[in-house]
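# Inside the fold
So you can see what is in the structure, the chains are spelled out below.
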Amino acid sequence: MVQVIHLSEVNCRDCYKCIRNCLIKAIRYSDGHAEIIDDECIQCGECIVACPRHGQNEDRGEVERIRRQIRAGRRVVASVAPSFIADFDVGSIEDLREGLIQLGFADAQETAIGAEIVSREYEKIMASGETDVLISSSCPPINLLIQKYYPEMLKYLAPVQSPMEVHCRLLREQNPGAFVVFIGPCYAKEAEALDTGCCDAVLLFNEVKNWMHEAGVVPPNRGIQTMRGGYRARRYPRQDGIVKSMTREPGWNRVSVDGVGDCIAALDELQQGRVSGVFLEMTACEGSCVNGPAIRRNRYENRVGGTVVINSYAGENDYGITTPLPVGKLHLPQPVSRALPEEDEIQRVLARLNKHTAELALNCGCCGYPTCREMAAAICQGKAQMEMCLPYLREKAERHSREVVDNTLEAADQLIERQMRVVQNIASILGETTAETKVMLVKLKEAIQDDE
(Lines give C-alpha, C1' and ligand atoms only; values in the text may rest on other atoms or scores of the structure.)
Protein backbone atom coordinates (compact mmCIF):
# COMPACT_ATOMS: atom_id res chain seq x y z
CA MET A 1 0.00 0.00 0.00
CA VAL A 2 1.23 3.49 -0.86
CA GLN A 3 2.68 5.42 2.11
CA VAL A 4 0.77 8.65 2.72
CA ILE A 5 1.84 9.66 6.24
CA HIS A 6 5.00 11.72 6.59
CA LEU A 7 6.35 13.64 9.56
CA SER A 8 7.53 17.21 9.09
CA GLU A 9 11.29 17.46 9.63
CA VAL A 10 11.13 21.23 10.11
CA ASN A 11 8.90 21.12 13.18
CA CYS A 12 10.40 18.06 14.91
CA ARG A 13 11.91 19.02 18.29
CA ASP A 14 13.32 16.06 20.28
CA CYS A 15 10.17 15.12 22.23
CA TYR A 16 9.86 11.47 21.06
CA LYS A 17 6.11 11.65 21.64
CA CYS A 18 5.39 10.07 18.26
CA ILE A 19 7.61 7.11 19.16
CA ARG A 20 5.87 6.68 22.53
CA ASN A 21 2.47 6.61 20.81
CA CYS A 22 3.49 4.32 17.92
CA LEU A 23 2.85 0.83 19.28
CA ILE A 24 4.42 -0.64 16.15
CA LYS A 25 7.61 1.41 16.67
CA ALA A 26 7.72 2.16 12.94
CA ILE A 27 9.60 5.43 13.50
CA ARG A 28 13.31 6.09 13.18
CA TYR A 29 14.95 9.00 15.01
CA SER A 30 18.15 10.37 13.53
CA ASP A 31 19.77 13.70 12.67
CA GLY A 32 17.52 15.46 15.15
CA HIS A 33 14.13 14.44 13.74
CA ALA A 34 11.69 11.55 13.56
CA GLU A 35 11.10 9.68 10.31
CA ILE A 36 8.46 7.07 9.53
CA ILE A 37 9.75 3.71 8.30
CA ASP A 38 7.41 3.14 5.37
CA ASP A 39 7.68 -0.65 5.21
CA GLU A 40 6.80 -1.01 8.89
CA CYS A 41 4.05 1.65 9.19
CA ILE A 42 0.36 0.67 9.32
CA GLN A 43 -0.75 4.27 8.61
CA CYS A 44 -2.97 4.65 11.67
CA GLY A 45 -2.05 8.36 11.96
CA GLU A 46 -1.45 8.21 15.71
CA CYS A 47 1.94 9.90 15.28
CA ILE A 48 0.27 12.90 13.62
CA VAL A 49 -2.27 13.24 16.40
CA ALA A 50 0.37 12.80 19.13
CA CYS A 51 2.81 15.32 17.66
CA PRO A 52 2.60 18.59 19.65
CA ARG A 53 3.69 20.44 16.49
CA HIS A 54 1.03 18.77 14.32
CA GLY A 55 3.57 16.54 12.55
CA GLN A 56 2.15 16.49 9.03
CA ASN A 57 1.15 19.98 8.04
CA GLU A 58 1.88 20.19 4.34
CA ASP A 59 -0.89 20.77 1.82
CA ARG A 60 -1.69 17.50 0.06
CA GLY A 61 -3.09 19.35 -2.94
CA GLU A 62 -6.35 17.37 -3.09
CA VAL A 63 -8.60 20.41 -2.74
CA GLU A 64 -7.00 22.09 -5.74
CA ARG A 65 -7.27 18.88 -7.79
CA ILE A 66 -11.00 18.77 -7.12
CA ARG A 67 -11.41 22.48 -7.86
CA ARG A 68 -9.82 21.94 -11.25
CA GLN A 69 -12.32 19.19 -12.03
CA ILE A 70 -15.20 21.43 -10.97
CA ARG A 71 -13.91 24.35 -13.09
CA ALA A 72 -13.57 21.98 -16.04
CA GLY A 73 -17.28 21.22 -15.76
CA ARG A 74 -16.87 17.62 -14.65
CA ARG A 75 -19.50 16.03 -12.41
CA VAL A 76 -17.95 15.58 -8.96
CA VAL A 77 -19.70 13.31 -6.45
CA ALA A 78 -18.74 12.49 -2.87
CA SER A 79 -18.94 9.48 -0.62
CA VAL A 80 -19.04 10.86 2.95
CA ALA A 81 -17.92 8.66 5.84
CA PRO A 82 -20.71 8.23 8.43
CA SER A 83 -18.60 9.86 11.17
CA PHE A 84 -19.29 13.24 9.50
CA ILE A 85 -22.26 13.72 11.82
CA ALA A 86 -19.85 13.80 14.79
CA ASP A 87 -17.51 16.40 13.30
CA PHE A 88 -19.51 18.80 11.11
CA ASP A 89 -22.08 21.22 12.51
CA VAL A 90 -24.93 19.65 10.55
CA GLY A 91 -27.96 17.54 11.38
CA SER A 92 -27.98 15.17 8.41
CA ILE A 93 -26.34 14.18 5.15
CA GLU A 94 -28.84 16.47 3.43
CA ASP A 95 -27.43 19.45 5.33
CA LEU A 96 -23.84 18.58 4.44
CA ARG A 97 -24.82 17.90 0.84
CA GLU A 98 -26.10 21.47 0.52
CA GLY A 99 -22.77 22.81 1.73
CA LEU A 100 -20.82 20.59 -0.65
CA ILE A 101 -23.04 21.62 -3.57
CA GLN A 102 -22.18 25.24 -2.79
CA LEU A 103 -18.51 24.24 -3.19
CA GLY A 104 -19.28 22.80 -6.61
CA PHE A 105 -20.05 19.14 -5.90
CA ALA A 106 -22.91 17.62 -7.87
CA ASP A 107 -23.99 15.16 -5.19
CA ALA A 108 -22.97 13.56 -1.89
CA GLN A 109 -24.10 10.28 -0.35
CA GLU A 110 -23.32 8.44 2.86
CA THR A 111 -20.59 5.79 2.81
CA ALA A 112 -22.88 4.00 5.26
CA ILE A 113 -24.63 2.61 2.15
CA GLY A 114 -21.44 0.70 1.37
CA ALA A 115 -21.15 -0.28 5.05
CA GLU A 116 -24.55 -1.94 4.90
CA ILE A 117 -23.51 -3.99 1.87
CA VAL A 118 -20.30 -5.01 3.69
CA SER A 119 -22.26 -6.07 6.78
CA ARG A 120 -24.46 -8.32 4.69
CA GLU A 121 -21.30 -9.95 3.26
CA TYR A 122 -19.96 -10.58 6.75
CA GLU A 123 -23.25 -12.25 7.66
CA LYS A 124 -23.07 -14.51 4.59
CA ILE A 125 -19.56 -15.66 5.48
CA MET A 126 -20.59 -16.43 9.05
CA ALA A 127 -23.64 -18.37 7.88
CA SER A 128 -21.61 -20.36 5.34
CA GLY A 129 -19.54 -22.15 7.98
CA GLU A 130 -16.35 -21.52 5.98
CA THR A 131 -14.53 -20.30 9.08
CA ASP A 132 -15.04 -20.24 12.82
CA VAL A 133 -13.29 -16.87 13.31
CA LEU A 134 -13.93 -13.76 11.21
CA ILE A 135 -12.18 -10.38 11.49
CA SER A 136 -13.77 -7.30 9.96
CA SER A 137 -11.88 -5.82 7.02
CA SER A 138 -13.26 -2.28 7.14
CA CYS A 139 -10.26 -0.58 8.79
CA PRO A 140 -7.18 -0.23 6.53
CA PRO A 141 -4.63 0.12 9.39
CA ILE A 142 -5.90 -3.11 10.96
CA ASN A 143 -5.70 -4.85 7.59
CA LEU A 144 -2.09 -3.66 7.30
CA LEU A 145 -1.35 -4.73 10.88
CA ILE A 146 -2.42 -8.27 10.01
CA GLN A 147 -0.76 -8.29 6.59
CA LYS A 148 2.57 -7.05 7.98
CA TYR A 149 2.81 -8.50 11.49
CA TYR A 150 0.29 -11.35 11.67
CA PRO A 151 0.20 -12.83 8.13
CA GLU A 152 -0.77 -16.22 9.57
CA MET A 153 -4.03 -14.58 10.72
CA LEU A 154 -5.01 -13.55 7.17
CA LYS A 155 -7.11 -16.70 6.98
CA TYR A 156 -9.49 -15.00 9.41
CA LEU A 157 -9.53 -11.53 7.78
CA ALA A 158 -12.81 -11.12 5.89
CA PRO A 159 -12.17 -11.24 2.11
CA VAL A 160 -14.42 -8.24 1.65
CA GLN A 161 -13.80 -4.69 0.43
CA SER A 162 -14.11 -1.77 2.82
CA PRO A 163 -17.29 0.34 2.88
CA MET A 164 -15.37 3.11 1.09
CA GLU A 165 -14.36 0.80 -1.76
CA VAL A 166 -17.85 -0.63 -2.16
CA HIS A 167 -19.65 2.72 -2.06
CA CYS A 168 -17.23 4.58 -4.32
CA ARG A 169 -17.50 1.86 -6.95
CA LEU A 170 -21.28 2.01 -6.60
CA LEU A 171 -21.11 5.79 -7.20
CA ARG A 172 -19.04 5.18 -10.34
CA GLU A 173 -21.70 2.75 -11.54
CA GLN A 174 -24.45 5.30 -10.85
CA ASN A 175 -22.52 8.28 -12.27
CA PRO A 176 -20.58 7.19 -15.37
CA GLY A 177 -17.61 9.45 -16.03
CA ALA A 178 -17.91 11.27 -12.69
CA PHE A 179 -14.97 12.32 -10.53
CA VAL A 180 -15.52 10.40 -7.27
CA VAL A 181 -14.25 11.82 -3.97
CA PHE A 182 -14.19 10.11 -0.60
CA ILE A 183 -14.49 12.40 2.44
CA GLY A 184 -13.50 10.94 5.80
CA PRO A 185 -11.54 11.10 9.06
CA CYS A 186 -8.74 8.67 8.17
CA TYR A 187 -5.32 9.23 6.57
CA ALA A 188 -5.11 5.57 5.57
CA LYS A 189 -8.10 5.97 3.26
CA GLU A 190 -5.93 7.96 0.86
CA ALA A 191 -3.52 5.04 0.67
CA GLU A 192 -6.40 2.62 0.21
CA ALA A 193 -7.80 4.76 -2.61
CA LEU A 194 -4.44 4.94 -4.37
CA ASP A 195 -3.93 1.22 -3.92
CA THR A 196 -7.37 0.12 -5.15
CA GLY A 197 -8.34 2.92 -7.55
CA CYS A 198 -11.86 2.93 -6.11
CA CYS A 199 -12.07 6.74 -6.15
CA ASP A 200 -10.24 9.68 -7.68
CA ALA A 201 -9.45 11.75 -4.59
CA VAL A 202 -9.65 11.65 -0.80
CA LEU A 203 -10.44 14.64 1.39
CA LEU A 204 -10.06 14.74 5.15
CA PHE A 205 -12.80 16.31 7.23
CA ASN A 206 -10.54 19.18 8.31
CA GLU A 207 -9.66 19.92 4.67
CA VAL A 208 -13.35 20.20 3.77
CA LYS A 209 -14.00 22.50 6.73
CA ASN A 210 -11.06 24.71 5.77
CA TRP A 211 -12.31 24.84 2.17
CA MET A 212 -15.79 25.83 3.33
CA HIS A 213 -14.34 28.51 5.58
CA GLU A 214 -12.27 29.98 2.74
CA ALA A 215 -15.28 29.92 0.41
CA GLY A 216 -17.61 31.41 3.00
CA VAL A 217 -19.87 28.35 2.88
CA VAL A 218 -21.88 27.50 6.00
CA PRO A 219 -24.00 24.36 5.57
CA PRO A 220 -27.42 24.43 7.25
CA ASN A 221 -28.12 22.54 10.44
CA ARG A 222 -31.76 21.55 10.67
CA GLY A 223 -31.08 19.25 13.61
CA ILE A 224 -30.95 15.48 13.76
CA GLN A 225 -34.43 14.29 12.84
CA THR A 226 -34.53 10.87 14.44
CA MET A 227 -38.28 10.59 13.95
CA ARG A 228 -37.66 9.86 10.25
CA GLY A 229 -35.95 6.63 11.20
CA GLY A 230 -32.21 6.18 10.87
CA TYR A 231 -30.18 3.37 9.41
CA ARG A 232 -28.23 0.65 11.23
CA ALA A 233 -25.11 1.14 9.13
CA ARG A 234 -24.75 4.70 10.41
CA ARG A 235 -23.41 3.13 13.62
CA TYR A 236 -20.22 2.03 11.84
CA PRO A 237 -18.09 4.92 13.20
CA ARG A 238 -18.68 4.10 16.88
CA GLN A 239 -17.18 1.37 19.00
CA ASP A 240 -19.08 -1.89 18.29
CA GLY A 241 -20.84 -0.08 15.42
CA ILE A 242 -20.14 -2.84 12.91
CA VAL A 243 -21.52 -5.45 15.28
CA LYS A 244 -24.62 -3.33 15.90
CA SER A 245 -25.25 -2.99 12.16
CA MET A 246 -25.39 -6.77 11.68
CA THR A 247 -28.04 -9.37 12.30
CA ARG A 248 -27.01 -11.86 14.97
CA GLU A 249 -25.91 -15.23 13.58
CA PRO A 250 -26.71 -18.28 15.76
CA GLY A 251 -23.62 -19.88 17.26
CA TRP A 252 -21.43 -16.80 16.86
CA ASN A 253 -20.16 -14.43 19.51
CA ARG A 254 -19.50 -10.85 18.44
CA VAL A 255 -16.66 -8.92 20.03
CA SER A 256 -15.57 -5.33 19.40
CA VAL A 257 -11.90 -4.39 19.87
CA ASP A 258 -10.65 -0.86 19.30
CA GLY A 259 -7.21 0.72 19.53
CA VAL A 260 -4.03 -0.73 18.03
CA GLY A 261 -2.82 -2.00 21.40
CA ASP A 262 -5.97 -3.99 22.14
CA CYS A 263 -6.08 -5.31 18.57
CA ILE A 264 -2.51 -6.56 18.94
CA ALA A 265 -3.47 -8.28 22.19
CA ALA A 266 -6.51 -9.88 20.49
CA LEU A 267 -4.39 -11.14 17.60
CA ASP A 268 -1.85 -12.57 20.05
CA GLU A 269 -4.73 -14.40 21.75
CA LEU A 270 -5.97 -15.71 18.40
CA GLN A 271 -2.54 -17.10 17.66
CA GLN A 272 -2.89 -19.37 20.67
CA GLY A 273 -5.84 -21.07 18.96
CA ARG A 274 -8.22 -20.97 21.91
CA VAL A 275 -10.91 -18.81 20.28
CA SER A 276 -13.64 -20.02 17.92
CA GLY A 277 -17.12 -19.00 16.83
CA VAL A 278 -16.22 -15.30 17.10
CA PHE A 279 -16.73 -12.31 14.85
CA LEU A 280 -14.10 -9.71 15.73
CA GLU A 281 -14.79 -6.09 14.89
CA MET A 282 -11.35 -4.43 14.88
CA THR A 283 -10.62 -0.73 14.49
CA ALA A 284 -7.28 1.03 14.95
CA CYS A 285 -8.63 4.17 16.64
CA GLU A 286 -9.73 4.02 20.26
CA GLY A 287 -13.46 4.65 20.08
CA SER A 288 -13.40 3.71 16.37
CA CYS A 289 -13.86 6.19 13.49
CA VAL A 290 -15.72 8.72 15.61
CA ASN A 291 -12.25 9.28 17.08
CA GLY A 292 -10.46 9.23 13.73
CA PRO A 293 -7.12 11.04 13.37
CA ALA A 294 -8.55 13.75 11.09
CA ILE A 295 -11.32 14.49 13.61
CA ARG A 296 -9.43 14.80 16.86
CA ARG A 297 -6.53 16.96 17.92
CA ASN A 298 -5.73 14.77 20.91
CA ARG A 299 -6.33 11.21 21.97
CA TYR A 300 -9.73 11.54 23.65
CA GLU A 301 -11.28 14.64 22.21
CA ASN A 302 -14.59 13.49 20.77
CA ARG A 303 -15.24 9.91 21.82
CA VAL A 304 -18.18 10.46 24.15
CA GLY A 305 -19.91 13.39 22.44
CA GLY A 306 -19.32 11.93 18.98
CA THR A 307 -20.75 8.57 19.97
CA VAL A 308 -23.86 10.21 21.42
CA VAL A 309 -24.46 12.02 18.11
CA ILE A 310 -23.92 8.81 16.14
CA ASN A 311 -26.45 7.01 18.34
CA SER A 312 -28.99 9.77 17.73
CA TYR A 313 -28.50 9.73 13.98
CA ALA A 314 -28.62 5.94 13.54
CA GLY A 315 -31.65 3.69 13.72
CA GLU A 316 -32.82 0.17 12.95
CA ASN A 317 -33.69 0.51 9.27
CA ASP A 318 -31.73 -0.62 6.21
CA TYR A 319 -31.08 1.27 3.00
CA GLY A 320 -31.87 -1.89 1.05
CA ILE A 321 -29.43 -0.90 -1.72
CA THR A 322 -27.52 -3.66 -3.48
CA THR A 323 -24.76 -3.58 -6.04
CA PRO A 324 -24.16 -5.82 -9.06
CA LEU A 325 -20.42 -5.31 -8.59
CA PRO A 326 -18.29 -7.94 -6.81
CA VAL A 327 -17.29 -6.92 -3.29
CA GLY A 328 -14.74 -9.62 -2.56
CA LYS A 329 -11.11 -8.80 -1.91
CA LEU A 330 -7.93 -10.84 -1.47
CA HIS A 331 -5.69 -9.53 1.30
CA LEU A 332 -2.10 -10.52 0.53
CA PRO A 333 0.65 -10.89 3.14
CA GLN A 334 3.23 -8.11 3.40
CA PRO A 335 5.46 -9.52 6.16
CA VAL A 336 7.87 -7.10 7.81
CA SER A 337 11.41 -8.35 8.27
CA ARG A 338 12.99 -6.92 11.41
CA ALA A 339 16.47 -8.31 11.99
CA LEU A 340 16.97 -8.62 15.74
CA PRO A 341 20.41 -7.58 17.04
CA GLU A 342 22.70 -10.13 18.65
CA GLU A 343 22.63 -10.31 22.44
CA ASP A 344 26.21 -9.09 22.79
CA GLU A 345 25.35 -6.00 20.67
CA ILE A 346 22.46 -5.15 22.98
CA GLN A 347 24.63 -5.65 26.07
CA ARG A 348 27.35 -3.38 24.70
CA VAL A 349 24.82 -0.60 24.14
CA LEU A 350 23.35 -1.10 27.62
CA ALA A 351 26.85 -0.84 29.06
CA ARG A 352 27.46 2.43 27.20
CA LEU A 353 24.16 3.69 28.62
CA ASN A 354 25.41 2.71 32.10
CA LYS A 355 22.61 0.19 32.49
CA HIS A 356 24.67 -2.79 33.63
CA THR A 357 22.04 -4.11 36.04
CA ALA A 358 18.27 -4.33 36.31
CA GLU A 359 18.36 -1.64 39.02
CA LEU A 360 20.05 0.81 36.66
CA ALA A 361 17.59 0.08 33.85
CA LEU A 362 14.81 2.47 34.87
CA ASN A 363 12.48 1.62 31.96
CA CYS A 364 11.11 5.16 32.32
CA GLY A 365 9.85 5.34 28.73
CA CYS A 366 11.09 8.91 28.12
CA CYS A 367 12.85 7.75 24.95
CA GLY A 368 9.61 6.37 23.53
CA TYR A 369 10.46 2.72 24.13
CA PRO A 370 8.84 0.82 27.01
CA THR A 371 12.10 -0.75 28.24
CA CYS A 372 15.80 0.11 28.17
CA ARG A 373 16.49 -3.16 26.44
CA GLU A 374 14.09 -2.34 23.60
CA MET A 375 15.74 1.04 23.19
CA ALA A 376 19.17 -0.62 23.11
CA ALA A 377 17.91 -2.93 20.37
CA ALA A 378 16.54 0.07 18.45
CA ILE A 379 19.95 1.78 18.71
CA CYS A 380 21.56 -1.35 17.25
CA GLN A 381 19.02 -1.21 14.39
CA GLY A 382 19.77 2.44 13.68
CA LYS A 383 16.27 3.53 14.78
CA ALA A 384 17.28 5.40 17.93
CA GLN A 385 20.16 7.39 19.40
CA MET A 386 21.76 7.18 22.82
CA GLU A 387 20.93 10.83 23.48
CA MET A 388 17.24 9.86 23.54
CA CYS A 389 17.84 8.32 26.98
CA LEU A 390 17.11 11.05 29.54
CA PRO A 391 19.01 9.47 32.50
CA TYR A 392 22.02 8.88 30.24
CA LEU A 393 21.84 12.47 28.97
CA ARG A 394 21.56 13.81 32.53
CA GLU A 395 24.56 11.78 33.72
CA LYS A 396 26.52 12.94 30.68
CA ALA A 397 25.65 16.57 31.41
CA GLU A 398 26.62 16.20 35.08
CA ARG A 399 29.90 14.57 34.12
CA HIS A 400 30.62 17.37 31.67
CA SER A 401 29.78 19.97 34.33
CA ARG A 402 32.20 18.35 36.78
CA GLU A 403 34.92 18.37 34.15
CA VAL A 404 34.31 22.07 33.46
CA VAL A 405 34.47 22.93 37.17
CA ASP A 406 37.59 20.81 37.72
CA ASN A 407 39.28 22.53 34.79
CA THR A 408 38.17 25.92 36.16
CA LEU A 409 39.66 25.17 39.59
CA GLU A 410 42.91 24.02 38.05
CA ALA A 411 43.06 27.21 36.01
CA ALA A 412 42.28 29.25 39.14
CA ASP A 413 45.15 27.58 41.03
CA GLN A 414 47.55 28.37 38.20
CA LEU A 415 46.32 31.97 38.05
CA ILE A 416 46.71 32.45 41.81
CA GLU A 417 50.20 31.02 41.68
CA ARG A 418 51.17 33.38 38.85
CA GLN A 419 49.57 36.37 40.54
CA MET A 420 51.30 35.56 43.84
CA ARG A 421 54.64 35.55 42.12
CA VAL A 422 53.90 38.94 40.58
CA VAL A 423 52.63 40.32 43.91
CA GLN A 424 55.68 39.04 45.76
CA ASN A 425 57.97 40.67 43.24
CA ILE A 426 56.10 43.97 43.57
CA ALA A 427 56.03 43.69 47.36
CA SER A 428 59.71 43.06 47.52
CA ILE A 429 60.27 46.23 45.56
CA LEU A 430 57.76 48.31 47.54
CA GLY A 431 58.55 46.68 50.85
CA GLU A 432 54.88 45.86 51.47
CA THR A 433 53.23 42.68 52.79
CA THR A 434 51.42 40.28 50.41
CA ALA A 435 49.03 38.95 53.05
CA GLU A 436 45.92 40.94 52.01
CA THR A 437 46.39 40.19 48.31
CA LYS A 438 46.79 36.50 49.04
CA VAL A 439 43.56 36.46 51.07
CA MET A 440 41.61 37.98 48.15
CA LEU A 441 42.89 35.43 45.64
CA VAL A 442 42.21 32.50 47.97
CA LYS A 443 38.63 33.75 48.45
CA LEU A 444 38.18 33.70 44.65
CA LYS A 445 39.17 30.03 44.60
CA GLU A 446 36.78 29.24 47.48
CA ALA A 447 33.91 30.97 45.67
CA ILE A 448 34.46 28.76 42.61
CA GLN A 449 34.52 25.67 44.81
CA ASP A 450 31.27 26.72 46.51
CA ASP A 451 29.53 27.00 43.13
CA GLU A 452 30.47 23.39 42.42
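This text follows the structure it describes.
Every value quoted in this text rests on a predicted model; they were computed, and no experiment measured them. (Residues numbered from 1 in each chain as written. Predicted model: local features only at pLDDT ≥ 70, side-chain atom pairs only at ≥ 80, totals over all residues. Heavy atoms only, no water.)

A probe as big as a water molecule, rolled over the atoms, marks out the empty space that is left. Summed over all chains, the structure comprises three cavities of 30 Å³ or more. The space that makes up the largest cavity amounts to roughly 350 Å³. In terms of lining residues, the largest cavity is bounded by 26 residues, among which Ser138, Cys139, Pro185, Lys189 and Cys289 are the most central. The class makeup of the residues in the lining of the largest cavity is 19 nonpolar, six polar and one charged. The calculated volume of the second largest cavity comes to roughly 100 Å³. Taken together, the residues of the lining of the second largest cavity sort by class into ten nonpolar, two polar and one charged. (1 Å grid on protein atoms, 1.4 Å probe; cavity = no way out; pocket = protein on both sides within 12 Å on 5 of 7 lines; lining within 4 Å. Points joined across faces, edges and corners; volume = space filled by probe spheres on them. Nonpolar A, V, L, I, M, F, W, Y, C, P; charged D, E, K, R; others polar.)

Helix packing for two helices is described by the angle between their axes and how far apart those axes are. At a minimum axis separation of 11 Å, helix H6 (residues 140–149) and helix H11 (residues 260–271) run at an interaxial angle of 40°. With respect to H11, the axis of H6 lies oblique. H11 is crossed by H6, and the crossing has right-handed handedness. Two secondary-structure elements touch here, H6 through Ile142, Leu145 and Ile146 and H11 through Cys263, Ile264 and Leu267. (Axes fitted to C-alpha atoms, helices over the stretch in contact; angles between N-to-C directions. Helix = DSSP H or I, 4+ residues; strand = E, 2+ residues; numbered from the N terminus. Parallel < 35°, antiparallel > 145°, perpendicular 65-115°, else oblique. Left-handed = near helix turned anticlockwise from the far one by under 90°. Contact = heavy atoms within 4.5 Å.)

With that out of the way, let us pick up the sheet that holds strand S4 (residues 107–110). Spatially, S4-S3-S6-S7 is the arrangement adopted by the four strands of the open sheet, whose pairing is parallel. The open sheet is flanked by S4 and strand S7 (201–204), the only strands paired with a single partner. Direction aside, neighbouring strands of the sheet carry axes that sit 25° apart on average. Judged from the four bridges that link them, strand S3 (residues 76–80) and S4 form a sheet pairing that is parallel. If you follow valine 80 over to S4, its bridge partner there is glutamate 110. (Pairing = 2+ DSSP bridges.)

All right, on to helix H12 (residues 303–313) then. All of the buried residues in H12 are Gly306, Ile310 and Tyr313. Taken around the axis of H12, the buried residues stretch over an arc of 65°, which confines them to a single face. Of the surrounding elements, those touching the buried residues of H12 are helix H4 (93–103) and S4. (Buried < 20%, exposed > 50% of the residue type's maximum accessible area, 1.4 Å probe, protein only. Arc of directions from axis to C-beta.)

What follows concerns the packing of aromatic side chains. Across all of its chains, the model carries six aromatic pairs by this definition. Centre to centre, the rings of tyrosine 122 and phenylalanine 279 are 5.5 Å apart; their planes meet at 45°, and the pair counts as tilted. Here the residue tyrosine 122 occupies a position in helix H5 (residues 112–128), and phenylalanine 279 occupies one in strand S9 (residues 278–283), the gap between them amounting to 157 residues. Each member of the pair tyrosine 122 and phenylalanine 279 is classed as buried. (Phe/Tyr/Trp six-rings, centres within 6.5 Å; stacked < 30°, edge-to-face > 60°.)

Attention shifts here to the nonpolar core. Within the largest apolar cluster, 64 residues are counted, with the highest numbers of intra-cluster contacts made by Ile135, Leu145, Ile146, Leu267, Met282 and Met388. Sequence-distant contacts of methionine 388, defined by excluding residues within four places in its chain, comprise Tyr16, Ile19, Tyr29, Cys367, Tyr369 and Met375. Core analysis: the next-biggest nonpolar cluster, separate from the first, contains 42 residues, Val80, Phe179, Val180 and Val202 among them. (Core = buried A, V, L, I, M, F, W, Y, C linked by side-chain atoms within 4.5 Å.)

Below, the discussion takes up the side chain of serine 83. Along the polypeptide, serine 83 turns up in the loop between S3 and H4. In this structure serine 83 comes out as buried when scored by relative accessible area, which is 1%. Ignoring anything within four residues of it in the chain, the contact list for serine 83 reads Pro185, Phe205, Pro237, Cys289, Val290, Ile295 and Ile310.

Quick look at the pattern of salt bridges now. Scanning all chains against the criterion turns up 24 salt bridges. The salt bridge partner of arginine 338 is glutamate 40, with a shortest N-O separation of 2.7 Å. With arginine 338 in the loop between H12 and helix H13 (343–352) and glutamate 40 in the loop between strand S2 (33–36) and helix H2 (46–50), the pair connects residues that are 298 residues apart, well separated along the chain. Between arginine 71 and glutamate 64 there is a salt bridge, and its shortest N-O distance comes to 2.8 Å. (Salt bridge = Lys/Arg side-chain N within 4 Å of Asp/Glu carboxyl O.)

Backbone geometry at aspartate 31 places phi at a positive 55°, although glycine is not the residue there. Considering the arrangement of structural elements, one finds aspartate 31 in the loop between strand S1 (27–30) and S2. According to the relative accessible area criterion, aspartate 31 is exposed, its value standing at 69%.

In this section: the layout of surface pockets. Its boundaries defined by the atoms lining it, the second largest pocket holds a volume of some 320 Å³. The wall of the second largest pocket is formed by 14 residues, among which Arg338, Leu340, Glu374, Ala377 and Gln381 lie closest to the centre. Residue classes in the lining of the second largest pocket are distributed as eight nonpolar, one polar and five charged.

Within the secondary structure, threonine 131 is located in the loop between H5 and strand S5 (133–135). Among the polar contacts listed, one links the side chain of threonine 131 to the backbone oxygen of valine 133, at a separation of 2.8 Å. Every residue in contact with threonine 131, bar those within four places of it in the chain, is listed here: Ile125, Tyr156 and Trp252. (Polar contact = N/O pair within 3.5 Å; in protein donor to acceptor, adjacent residues only side chain to side chain.)

This part covers helix H9 (residues 205–215). Of the positions making up H9, those classed as buried are Phe205, Glu207, Val208, Trp211 and Met212. Projected onto a plane normal to the axis of H9, the buried residues spread over an arc of 165° and lie on a single side. Facing away from the buried side of H9, by more than 90 degrees, are the exposed residues His213 and Glu214. Buried positions along H9 lie against helix H3 (62–71), H4, strand S6 (179–184) and S7.

For sheets, the rule is that strands pair by backbone hydrogen bonds, running either parallel or antiparallel. Pairing in this open sheet of three strands is parallel, and the strands run S5-S9-S8 from one edge to the other. Single-partner strands in this sheet number two, and they are S5 and strand S8 (253–258). The mean inter-strand angle of the sheet, taken between neighbouring strand axes irrespective of direction, is 20°. Examined bridge by bridge, S5 and S9 share three bridges and lie parallel to one another. Each bridged residue has a counterpart across the sheet, and for leucine 134 the counterpart in S9 is phenylalanine 279. Strands S5, S8 and S9 of the sheet are contacted by H11, whose axis makes an angle of about 150° with S9.

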